[in-house]
Amino acid sequence: MSDAPRYWTPAFVEAFVQAINSDDAFQSTASGFSDTIELRCFDTPDGEDVAAAYSFDNGKIVDVDLWIDDAPSDDMRNEPFDKSAMMARASAPYKTWVKMDKGEMGAMQALTSPDYNIDGSTIKIMSNMGVFRGLNEVAAKIEKTY
């Protein structure tokens, strides 16, 4: 387990991209999905805020823009959502992401939690819930430490 990446580190993001691009169930669900989703994690154990913007082309991640800054990063936390650059942006503290990863909090619970925020068109997000659920399912299967 010592070689497993810690959640929300660059090594985990790399493992996540590989897992998404090779997961048959996710690829089947997301086969026509071509857009960008940004996931932001605040207050990691390293005292950082992390934003990872994943660009998809037909279900495959083809680019990741990773931004890591000291927490709390006013620049990151106050950055306006740009709907022309991405379909959705989900933001939450590390502890909330860990709860979702461990299955202690489901997607609907997250959406109603004051600690979880999602920006973007509600219609587009709801019509792509399979993609969002798939991202969580694949992430949860990756061997990692917290």
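Residues numbered from 1 in each chain as written. Predicted model: local features only at pLDDT ≥ 70, side-chain atom pairs only at ≥ 80, totals over all residues. Heavy atoms only, no water.

1. Description of the overall build of the protein
Within the protein, the secondary structure is distributed over seven helices and five strands. A globule of 146 residues ought to have a C-alpha radius of gyration of about 15 Å, and the protein, at 14 Å, matches this closely. By principal-axis analysis of the C-alpha atoms, the protein measures approximately 35 × 35 × 30 Å. Scored against the burial criterion, the 146 residues of the protein give a buried share of 46%. Contacts in the protein between residues at least 24 apart in sequence constitute 62% of all its contacts with a sequence separation of at least 6. For the protein, the exposed surface amounts to about 7,600 Å²; the carbon and sulfur share of it is 47%. In the protein, 13 side chains carry a positive charge and 25 a negative one; their mean positions are 7 Å apart. (Helix = DSSP H or I, 4+ residues; strand = E, 2+ residues; numbered from the N terminus. Rg over C-alpha atoms; globule rule 2.2 N^0.38 Å. Buried < 20%, exposed > 50% of the residue type's maximum accessible area, 1.4 Å probe, protein only. Contact = heavy atoms within 4.5 Å. Areas by Shrake-Rupley, 256 points an atom, 1.4 Å probe, with all protein chains shown as cover. Lys, Arg positive; Asp, Glu negative; His and termini not counted. Charge placed at Lys NZ, Arg CZ, Asp CG, Glu CD.)

2. Observations regarding helix H4 (residues 94-101)
Within H4, six of the eight residues are buried, which leaves the element mostly enclosed by the surrounding structure. Along H4, the positions that sit buried rather than exposed are Tyr94, Thr96, Trp97, Val98, Met100 and Asp101. Within two residues after H4, Gly103 carries a phi angle of roughly 80°, on the positive side.

3. Structural notes on the pattern of salt bridges
Evaluation of the coordinates by the stated rule reveals seven salt bridges. Lys141 serves as the salt-bridge partner of Asp23, at 2.9 Å between the closest nitrogen and oxygen. Of this pair, Asp23 sits in the loop between helix H1 (10-22) and helix H2 (24-29) while Lys141 sits in helix H7 (residues 129-141), and the two are 118 residues apart along the sequence. With a closest N to O distance of 2.8 Å, Asp101 and Lys144 form a salt bridge. Here the residue Asp101 occupies a position in helix H4, and Lys144 occupies one in the segment after H7, the gap between them amounting to 43 residues. Exposure class is identical for Asp101 and Lys144. Each is buried. If you follow the salt bridges from partner to partner, you end up with Asp43, Asp49 and Arg77 in one network. (Salt bridge = Lys/Arg side-chain N within 4 Å of Asp/Glu carboxyl O.)

4. Considering a negative patch on the surface
Taken together, the side chains of Asp74, Asp75, Glu79 and Asp82 define an acidic patch exposed on the protein surface. Within the element layout of this structure, Asp75 appears in helix H3 (residues 74-77). Looking at Asp75, the relative accessible area reads 58%, which means it is exposed. (Patch = residues over 30% accessible without salt bridge, like charges linked within 9 Å, V, L, I, M, F, W, Y side chains within 5 Å.)

5. Quick word on the pairing of strand S1 (residues 36-42)
The buried fraction of S1 is high, at seven of seven residues. In S1, alternate side chains face the same way, and those of Thr36, Glu38, Arg40 and Phe42 on one face and Ile37, Leu39 and Cys41 on the other are all buried. Note that S1 and strand S2 (residues 48-57) share six bridges and pair antiparallel. Note that in S2 the partner of Glu38 across the bridge is Ala53. Linking two consecutive strands that pair antiparallel, namely S1 and S2, is a turn of five residues; a positive phi of about 65° is found at Asp43 within it. Sheet topology note: the S1/strand S4 (residues 88-93) ladder contains six bridges and is parallel. Across the sheet, residue Cys41 finds its bridge partner in S4, namely Ala92. (Pairing = 2+ DSSP bridges.)

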